[in-house]
Amino acid sequence: MKILVSFKSVPDPNDVTIAGAAVSTPKSVINPFDEIAIEEALRIRERGEATEIVGVTIGAPAVDEQIRAALAMGVDCAIRIDDSRALDPYAVARILSAVVQKEAPHVVIMGKQAVDDDSNQVGQMLAGLLGWPQATFVSKIEFLDNKTRARCTRETDAGLEVVEVNLPAIITTDLRLNEPRYVSLPGLIKARRKPIEALTCDQLGVTVRPLTTVLSIARPPKRAAGTRVESVEELITKLKQEAKVL
Amino acid sequence: MVCACLTAPPRACRVAVYRVYRVTPAACGSGVAEAVRDGTSGSQADGELNGMDFAWSDQQRELLDAVGRFASQQLNYNVIENDRDSVFNHDAWKKCGSFGIQGLPVPAEYGGLGMDPLTTVAALERLGYACKDNGLLFSINAHLWTAVTPLVYNGSEAQKKKYLPGLCNGTIIGGNAMSEPNSGSDAFSLTTTAVKKGSRYIINGSKIFVTNGPIADLLVVFATVDKTRGPDGISAFLVEKDSPGMNVARKLEKMGVRTSPMAEVFFENCEVPEENLLGNEGGGAFLFTRSMTWERGCILASAVGSMQRLLETCIRYANERKQGGQSIGKYQLVASKIVDMKVRVESSRHMLYHYGWLSGHRKAVYLEAAMTKLHIADCWVKCCEDAIQIHGGYGYMTEYEVERELRDAVGSKLYSGTSEIQRNIIASMLGL
Amino acid sequence: MAESLILIEHDRQQVKRPSLHAIALARQLGGEYALLLLGHGLEGIAASLVSYGASAVVVADDPALAEPLADRYAKVVAEAVRKGGAKTILGTSSTFSKDVLPRAAALLDAPMVTDVVAIEEMDGSISYRRPINAGSMFATVKVEGDRRILTVRATAFEPPAANAVPCPIKRFDFDAASLPNGIQFISREERRSDRPDLTEARVVVSGGRPLKDKETFERLVGGLADALGGAIGATRAAVDAGMAPNDYQIGQTGKIVAPELYIALGISGAIQHLAGIKDSRVIVAINKDPDAPIFQMATYALVGDLYEIVPQLIESIRRA
C-alpha cells in the first residue's frame, strides 16, 4: 500500500527554550497535526501494512528543512511543489489533487488543520475534488478486508464516532491519534540520501489562483489581568457583588 | 589576530589563519549587541564556530541543532530528585540510545554514526549545553571511551559484531574496571590477575570506582597475566554482567555526578571465555593508553556546553537581580567574574575543537588530549564557583541547580587522570 | 430565491442550537436566507425552524441521509445550492459543518472562510474577520468568486429569536440512488447528560491535569459545575490522560466557549487552551502555581490547592 502524507511548514507554535536560554530567531516546524499524520504512516508501515510513504509539501526551498525532518522520521521520499505564494486551502487542495493523480496512493493522510491558519478545510476539499471518501478528525485507524477499507474513529462534538471508508480515501488526523517520534541522528543521516523532487505547478500540470486574499492581520486587544483573591469567601463575594455573575 | 568587523568579513579574512575570531553573521547588524550581551555570540547557539578558520557545514549544523533540540526536549526532567537520591535515569539513557548518542564515533558498519572526532566533540558539547543531567552524560562518556572505543580499536571482528551494535544503540551499557583500592594514578601497578585455564581465563581481584558498574552489561576489565612483566603483563578482558564469580558490590555515594552509578566490583575466580580477551595478552597497557587519550580529549566536551549554559544563566541573573538600586551586573566585581567565565568558555572551546580537529587529522594527540582535559577541568570548576558566588544565597540552594554544577565539576580534576597526572604527562612531552 | 443558505445541524431529535447563530451573520449580510436541513424523519425538527425569519426551511429527508456521511451530505448541499441559486452558504463551526462544508465548497468550486467572527463592508465589498494562530491574531480576508461558504464562530454571534412569521417548509428532491457509498456509519457514543451543552452554558467549570483521574475529575469539576448549574470542560492534557472525553476539550482544536462565568481548576493556561476561553465574561482561575500564565487573563485569581479550595467552594455555593 502506498501512503501519501501531506504536510505544511508552519512557524513553531511553542517558543523553544534550550536549558533556559531563549532562542531568538523564529523557527519553522512541521505542522503538529501533519507530524501525527507522518507518524501514523510510519506505524502503518511498521505493522507491515504499507510499503511506501511519500511526503508532499508546498513552499519555497526553505521548507526543505521540514522535508528533511519528515524524511528523518522515516518518510521514503518527498515532493516539494515549488510555490511561495500565499495560497488558500482551496488552492492547496487543487494542487494536492494533481499530486494525487500523479502518485496514485491508496490513502492520503494529513493533519486536520494547520496551526497557523486553523481553517480545517484542505483534506475535505481534496476529497471532494477527487470524489474520494473522507474520514476527518481521526483518532484511530485500522485497515480491513485486505486493505480495501479503513475503519476510523473520529472525534466529534458529541464524542467518538466510528465510520468505515472505502479506499482510496482521505484521512485527516486529530491530536490523539498518536504521539510522533522524535527525529534520531541515524534517521537524519539516512535522510540525506533520500530524494526530494521539486516541481513547479506548471510541471505538475496545474494552474491555481487563490480566491482568498488576506487584507490585514491584527492582534486582538489583550484581556487585562484581574485581581488576586485570598480566600473562597472573598471569591464568592466578588463574584456576587462585583461581577454579578452568581 | 583578532578581526572585529561588525559585518560578515569578506572571504579573504576567512582564509586559513590559525585562531581568527569572527563575529558570527547571525550576530551582525542590529542583533550584535544583544548576542554579545547574553553570551551567545561566538557560541554554538547560532551554529557558528567562533575561533577556528572554518564554519560548520550545513550537515554539521543540522546535526548539532538536532542534538540540542533532542536534549532540551527529552532529557531534562527529575534531575534534582535523581541527583538527591542517586538515581540513574534509564529512560533518558534509552532515549539517547535511540537518538544515536552512544554510537557517535563508531563506524556505521557496526551500528554507529561514523562521526569524525571534531563533530563528535561538538555534538557532546551541544549535549552538555542542552542537558542538565551531568551524571547521565558522565555515564555516556564512560560508556563511549572505556568500552566502545577500546572495542573499535582493539576488538576482533567477532567481538565488534557481537557487542558494538548493542553498545551503539544503548541496549548494552558499557564501562571499564581499571582502578583498584591500591592503584589509582599508578594504574599499571594493578594486582588483579588473569590466569589461563584451558579455554578460559580466571580473574581474581577487586576493582573500585567502576562507573556504570551497577548497570553495565559489559565491562572492560584490566588484569595482569604476569605480574613479573609489569605493564607488559596487563591485558584487557570483555566481561559480561553476571559472569560466574563476578560480584558487583555496593553502590558508591559520590559528591557529584550522582545520577551516574558507580560501584566496587569483585572478581572471585571469575571465568571469562578466551575469545573475550580484548587485543593481545600483554597489550592492555597500550590499549588503555590509547583509549585514555580519546577519553581525555572528549570527556569534558559536554563540560564546555555546561559552562556555556552557566554563563548564560549568570548573565540573565546579573541583569535581573537588583541590589542597591541597580542590577548586580553593573557592579564590577560581579561583571568581572562573568567576564572570566566567558573567557574560560571560549578558551576551553578552542582547545576542545583543536583537539577534535587534530584527532581527525593525525594519530598522535596525546599531548593535546592532556592539555585539553587539564584546562577544561580547571575552567569548569572555576566557572561553577563563580556561578554560585554570582547567585549569592540562591546559588547555595539545590532548587536553583547551580550548586549541583560545582559538585559535578569537581570530579573532572580527578577522573581520567588527575590534573596532577595531566601535568606530569605534559611535562614529559615537553622533554622535562 | 434566497441569497443565503444556512446548513442547520441537529442530533436526530432536535436542532443543535449553536447552528442557529449563523442566521445572525446571514441577517447582517442582508437579503433572503433559507435554512437547509438534511437527515431522515425531520418533520418535528423542520417545524421548529419556521419562525427564524427564513424565506423557507428546505428539507432533504431520506433514509440515505439518516447519518451525516460527508460525501452524501456534501453532494446534496451542493445540489441544493445549485438548484436554489444561493450565493453564500453558511454554517456554524462544528465538527459536522467542518466535515461537510469544505467538501461542498470543492464541489461548488467555491472558497470557504472558517470561523468568521465579524464582517466589514467597504466600497460594496465584504471582508471577513477570523482568528488564526490559536486566536492570538485575527486576519481580515476577502474572497472572490460567484459563491462562498462561511462558517461562523458561535460565540461571536447572537442566537436569533424565534419570533418571525412562520415560513413554508419545502421538500428538496434529489436522486438518493446516485449518492456515493464510500463511507459507512458504524457507531457513535451515546452520552446523554443533564448538564447544559458546553458551548451554550452560562457557567463552565473546567479541569486540567492536576485532577489526577476520572473519578476525581467528576467529583470536583463535576461537583462544582453541578453546584452552579453549569457545564464541564477540560484541557487537552486532561483528555489525553483519560480524565474526560474528547468532547469536553476546550481550546484551539476543541470547543470555543464564551460563558458568563468560566472557572479553570488546575489549568496553567497553555496558549491553545486560552484560545478557547478568551471571550468569557468572567474568568476565575484556581491554581497552585502563582506564575501560571492563566493568571494573566483571569478576572479573579486564587492561588492555592484546588483539593482544599474546590470542596469549600462547592459547600459555600450550596449554602448560599
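An account of the accompanying structure is given in this report. No experiment lies behind these values; they were computed from the predicted model shown.

### Details of the overall build of chain C
Then comes step 1: In terms of regular secondary structure, chain C is built from eight helices and 16 strands.
Then comes step 2: In terms of C-alpha radius of gyration, chain C reaches 21 Å, essentially the compact-globule figure of 20 Å for 320 residues.
Then comes step 3: Projected onto its principal axes, the C-alpha positions of chain C cover 60 × 45 × 40 Å.
Then comes step 4: Counting every position in chain C, which comprises 320 residues, the buried fraction comes to 60%.
Then comes step 5: Of the contacts made within chain C by residues no fewer than 6 positions apart, 64% connect residues no fewer than 24 positions apart.
Then comes step 6: When the accessible surface of chain C is totalled, it reaches about 12,700 Å², and 49% of it is carbon and sulfur.

### Some thoughts on the pairing of strand β4 (residues 88-92) of chain C
Residue and element names in this part refer to chain C.
Then comes step 1: Counting buried positions along β4 gives five out of five residues, so the element sits mostly inside the fold.
Then comes step 2: Across three bridges, strand β1 (residues 4-7) lies against β4 in parallel orientation. Bridge pairing links Ile6 to Leu90 in β4.
Then comes step 3: Pairing of β4 with strand β9 (residues 148-152), which is carried by five bridges, proceeds in the parallel orientation. Across the sheet, residue Leu90 finds its bridge partner in β9, namely Leu150.

### As for the nonpolar core
Then comes step 1: Among the nonpolar cores identified, the biggest contains 115 residues, and Ile3(A), Ile38(A), Leu185(A), Leu75(B) and Leu136(B) are the most heavily contacted of them.
Then comes step 2: The element contributing the most residues to this core is helix α11 (residues 366-391) of chain B, with eleven residues.
Then comes step 3: Beyond its immediate stretch of four places on either side in the chain, Ile38(A) contacts Val5(A), Phe7(A), Ile30(A), Ala70(A), Met73(A) and Val75(A).
Then comes step 4: Within the second largest apolar cluster, 62 residues are counted, among which are Val99(A), Met110(A), Cys201(A) and Val77(C).

### Looking at the interface of chain A and chain C
Where interface size is given, it is often the accessible area lost as the parts come together that is meant.
Then comes step 1: Between chain A and chain C, the contact holds 74 residues from the first and 79 residues from the second.
Then comes step 2: In total, about 6,400 Å² of surface goes out of reach between chain A and chain C, with carbon and sulfur atoms giving 51% of it.
Then comes step 3: With its nearest N and O atoms 3.3 Å apart, the salt bridge here joins Asp99(C) to Arg154(A).
Then comes step 4: Between chain A and chain C we count 47 residue pairs in polar contact (both at pLDDT 80 or more) in total.
Then comes step 5: Elements represented by at least two residues in the side of chain A that touches chain C include exactly α4 (122-130), β9 (134-144), β10 (149-156), β11 (159-166), β14 (212-218), β15 (227-229) and α7 (232-242) of chain A.
Then comes step 6: In this sheet, strand β16 (residues 300-303) of chain C lies alongside β15(A) in parallel orientation, the contact comprising three bridges.

### Some points on the packing of helix α5 (residues 117-130) of chain B against helix α6 (residues 134-154) of chain B
Residue and element names in this part refer to chain B.
Then comes step 1: Where α5 meets α6, the closest approach of the two axes is 11 Å, and the angle between their N-to-C directions is 160°. Of the possible angle classes, the one that applies to α5 and α6 is roughly antiparallel. Taken as a pair, α5 and α6 cross one another with a handedness that is right-handed. Residues Thr120, Leu124, Leu127 and Gly128 of α5 touch α6, and the partners they reach there are Leu137, Asn141, Leu144 and Trp145.
Then comes step 2: A breakdown of the residues in the contact of α5 with α6 according to their chemical character gives five nonpolar, three polar and no charged.

### Things to note about the sheet that holds strand β8 (residues 137-143) of chain C
Then comes step 1: If you walk across this open sheet you meet the four strands as β14(A)-β8(C)-β7(C)-β6(C), and the pairing is antiparallel. Pairing within the sheet leaves two strands with one partner each, and these edge strands are β14 of chain A together with β6 (118-122) of chain C. The mean angle between the axes of side-by-side strands here comes to 30°, regardless of whether they run parallel or antiparallel.
Then comes step 2: The pairing of β6(C) with strand β7 (residues 125-132) of chain C spans five bridges and is classified as antiparallel. Bridge assignment links Met122(C) to a residue of β7(C), and that residue is Ser125(C).

### Re helix α1 (residues 22-29) of chain C
All names here are of chain C.
Then comes step 1: Here α1 has its buried residues at Ala22, Ile23, Ala24, Leu25 and Ala26.
Then comes step 2: Buried residues in α1 make contact with β1, β2 (33-39), β4, β5 (112-116), β6 and β9.
Then comes step 3: The positive-phi residue at the C-terminal boundary of α1 is Gly30, with phi of around 85°.

### Looking at the interface of chain B and chain A
Then comes step 1: Taken together, the contact pairs 20 residues of chain B with 15 residues of chain A.
Then comes step 2: In total, chain B and chain A occlude about 1,600 Å² of area from one another, counting both sides; carbon and sulfur atoms represent 64% of this.
Then comes step 3: Taken as a group, Glu62(B), Phe99(B) and Leu113(B) account for 29% of the area that chain B buries against chain A, more than any other trio of residues on that side.
Then comes step 4: Put simply, chain B and chain A have two salt bridges between them.
Then comes step 5: In this structure, the salt-bridge partner of Arg68(A) is Glu62(B), at a minimum N-O distance of 2.8 Å.
Then comes step 6: On inspection of chain B and its partner chain A, the count reaches three residue pairs in polar contact (both at pLDDT 80 or more).
Then comes step 7: Breaking the side of chain B that touches chain A down by element, the ones donating at least two residues are α2 (58-74), α4 (90-99), α5 and α9 (301-320) of chain B.
Then comes step 8: With nine residues, α2(B) is the largest single contributor of residues to the side of chain B that touches chain A.

Conventions used here
- Residues numbered from 1 in each chain as written.
- Chains lettered and ligands numbered in written order.
- Predicted model: local features only at pLDDT ≥ 70, side-chain atom pairs only at ≥ 80, totals over all residues.
- Heavy atoms only, no water.
- Helix = DSSP H or I, 4+ residues; strand = E, 2+ residues; numbered from the N terminus.
- Rg over C-alpha atoms; globule rule 2.2 N^0.38 Å.
- Buried < 20%, exposed > 50% of the residue type's maximum accessible area, 1.4 Å probe, protein only.
- Contact = heavy atoms within 4.5 Å.
- Areas by Shrake-Rupley, 256 points an atom, 1.4 Å probe, with all protein chains shown as cover.
- Pairing = 2+ DSSP bridges.
- Core = buried A, V, L, I, M, F, W, Y, C linked by side-chain atoms within 4.5 Å.
- Buried area = accessible area lost by both parts, 1.4 Å probe.
- Salt bridge = Lys/Arg side-chain N within 4 Å of Asp/Glu carboxyl O.
- Polar contact = N/O pair within 3.5 Å; in protein donor to acceptor, adjacent residues only side chain to side chain.
- Axes fitted to C-alpha atoms, helices over the stretch in contact; angles between N-to-C directions.
- Parallel < 35°, antiparallel > 145°, perpendicular 65-115°, else oblique.
- Left-handed = near helix turned anticlockwise from the far one by under 90°.
- Nonpolar A, V, L, I, M, F, W, Y, C, P; charged D, E, K, R; others polar.

So far we have only geometry, and geometry alone does not tell us how the molecule works.
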